[in-house]
Amino acid sequence: MSAGPRLVEVRKNVLKQNDVAARALRERFRDAGVLAVSLVSSPGSGKTAFLEKTLTLLYTRYRVAALVGDLATDNDAARLARSRALVKQIITGTVCHLEAAMVQNALEGWNLNDLDFLFIENVGNLVCPSSYDLGEDLRFVLLSVTEGEDKPLKYPTIFNSADVAVITKSDIAAAVEFDEAAVKRNIQAVRPGMEVFKVSAKTGEGMAEYLEFLQTRRQHFRAAAAVPK
Amino acid sequence: MHELSIAMSIVDMAQEEAERHGGAQVQAVHLKLGRLTGVVKEALLSSYELACEATPLEGSRLLIEEIPVEVFCPKCEAPRLVDSIQWFCCPECGTPTANILRGKELEVIALEILEIKE
């Protein structure tokens, strides 16, 4: 004899596994006093160039490391290694985004206590990474001046999940008639109060302000981490 | 396109839960899907069918309840549904707000199961 269908309550977050892993990472970063920053953007917006410049400039004063996600190839890691920072590639295969477990695995063998900054470059994709917490303290979303001023409106979810927006390739802004006011307006529409930086990794324009922001953020982060739980 | 891996997680979760109920057969999965999750309903539905193939959940239905985005307006001091996720401001008074109350849900709420009893 079989009974009729019955409704049973579950109430479980589908991404629970990722969230648990992300929370564990966040705690590890906090305990080690390492500021973790992730970068998301579309392919070709200059994440790797921006990161290479960041690592090079920070390397003289801080202990910096980077994880770089890509579907295939370790070209980015090779490029970033020129900065002399500690770099590891995460090859995701067919997966279009990084997940907390991938970050966890990639960190194996690294002592977080030896680091001040950890950068996590996500796969170039403005859709999927928004759903996955990586345990980072800050998420940067990058968009280059060549991408069209309405990008934030086209991808509101990723902009909303990020903490800071970085406009890249500012050195060619005039050539492509980039409308900075429009982009800023669109960013504020999808994420009111979002901090925005405009940089050129090539000329170094804007990098000082952005690095100062990072260093201040790290000081606050360490001060907060020093407070007993 | 991460809907497939999300669909697979849903199938795993439902299967686990069904086993807890003595290997019951799952007929439907009820899911809450916030509009700010970055997961597309239509893509998730077709991914779900794929993810169910050759599992005990084959033929089961995924029932999605979409959750609108609700923010807290600091000026009205009240929760408000935003008109569009491209414009995070109070629909009543226009005050911008980033204080999100709802819209990020991705939750299996319940299962419809058929218990096989001797």
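Residues numbered from 1 in each chain as written. Chains lettered and ligands numbered in written order. Predicted model: local features only at pLDDT ≥ 70, side-chain atom pairs only at ≥ 80, totals over all residues. Heavy atoms only, no water.

S.K.: Give me the lowdown on empty space enclosed by the protein, citing residues and values where you can.
M.R.: Residue and element names in this part refer to chain A. Under the defined criterion, the tally for this structure stands at 1 cavity of 30 Å³ or more. By volume, the largest cavity amounts to about 30 Å³. Every residue lining the largest cavity is listed: R26, F29, V34, L35, A36, G135, E136, D137 and F221. Considered class by class, the residues forming the lining of the largest cavity number 5 nonpolar, 1 polar and 3 charged. (1 Å grid on protein atoms, 1.4 Å probe; cavity = no way out; pocket = protein on both sides within 12 Å on 5 of 7 lines; lining within 4 Å. Points joined across faces, edges and corners; volume = space filled by probe spheres on them. Nonpolar A, V, L, I, M, F, W, Y, C, P; charged D, E, K, R; others polar.)

S.K.: So, the pairing of strand β3 (residues 64–70) of chain A: which residues are in play, and what are the values?
M.R.: All names here are of chain A. The element β3 is extensively covered by neighbouring structure, given that 7 of its 7 residues are classed as buried. Neither face of β3 is left uncovered, since the one carrying V64, A66, V68 and D70 and the one carrying A65, L67 and G69 both have all their residues buried. Across 5 bridges, β3 lies against strand β5 (residues 117–121) in parallel orientation. Pairing of A66 across the sheet is with F119, part of β5. As paired strands, β3 and strand β4 (residues 86–91) are joined by 6 bridges and run parallel to one another. Following the sheet pairing, V68 is matched in β4 by Q89. Between the parallel pair β3 and β4, the chain is carried across by helix α3 (residues 75–81), and the sense of this crossover is right-handed. (Buried < 20%, exposed > 50% of the residue type's maximum accessible area, 1.4 Å probe, protein only. Helix = DSSP H or I, 4+ residues; strand = E, 2+ residues; numbered from the N terminus. Pairing = 2+ DSSP bridges. Right-handed = clockwise from strand over helix to strand, strands pointing away.)

S.K.: Outline the interface of chain B and chain A, supporting the account with residue identities and numerical values.
M.R.: With 39 residues of chain B in contact, the opposing surface of chain A contributes 30 residues. The interface formed by chain B and chain A holds 2 salt bridges in total. Taking the shortest distance from any N to any O, the salt bridge between K12(A) and E17(B) comes out at 3.3 Å. Applying the counting criterion to the chain B and chain A interface returns 13 residue pairs in polar contact (both at pLDDT 80 or more). (Contact = heavy atoms within 4.5 Å. Salt bridge = Lys/Arg side-chain N within 4 Å of Asp/Glu carboxyl O. Polar contact = N/O pair within 3.5 Å; in protein donor to acceptor, adjacent residues only side chain to side chain.)

S.K.: Report on helix α1 (residues 16–32) of chain A, specifying residues and quantitative values.
M.R.: Residues and elements named next belong to chain A. Between its first and last C-alpha atoms α1 spans 24 Å; for 17 residues at 1.5 Å apiece the expected length is 24 Å, and the two agree. Those residues of α1 not exposed but buried are N18, A21, A22, L25, F29 and A32. Relative to the axis of α1, the buried residues are bounded by an arc of 100 degrees and lie together on one face. Away from its buried face by more than 90 degrees, α1 exposes R23 and D31. Each element contacted by the buried residues of α1 is listed here: β2 (35–40), α4 (100–106), β5 and α8 (207–226). Following α1 by one or two positions, G33 adopts a phi angle in the positive range, close to 70 degrees. (Expected span 1.5 Å × (residues − 1). Arc of directions from axis to C-beta.)

S.K.: Tell me about the pairing of strand β6 (residues 106–114) of chain B, and please be specific about residues and values.
M.R.: Two faces make up the sheet, and in a regular strand the side chains alternate between them. Of all 9 residues in β6(B), 8 are buried; the element is thus mostly enclosed. Relative to β6(B), strand β1 (residues 6–13) of chain A runs antiparallel, the two sharing 6 bridges. If you follow R6(A) over to β6(B), its bridge partner there is I113(B). As defined by bridge partners, strand β1 (residues 25–34) of chain B adjoins β6(B) across 8 bridges and the pair is classed as antiparallel. Looking at β6(B), one finds that L33(B) is bridged to L106(B).

S.K.: Describe a nonpolar patch on the surface, naming the residues involved and giving the relevant values.
M.R.: All names here are of chain B. A contiguous nonpolar patch, built from L4, M8 and L50 and spanning about 260 Å² of accessible area, is present on the exposed surface. With respect to the element layout, M8 can be found in helix α1 (residues 3–20). Judged by its relative accessible area of 44%, M8 falls in the partly exposed class. (Patch = residues over 30% accessible without salt bridge, like charges linked within 9 Å, V, L, I, M, F, W, Y side chains within 5 Å. Areas by Shrake-Rupley, 256 points an atom, 1.4 Å probe, with all protein chains shown as cover.)

S.K.: So what's going on with unusual backbone geometry? Residues and values would help.
M.R.: Residues and elements named next belong to chain A. The phi angle at K169 is positive, at roughly 60 degrees, despite the residue not being glycine. Following the sequence through the fold, K169 ends up in the loop between β7 (164–168) and α7 (180–190). One non-glycine residue, E177, lies in the positive phi region at around 50 degrees. Structurally, E177 can be placed in the loop between β7 and α7.

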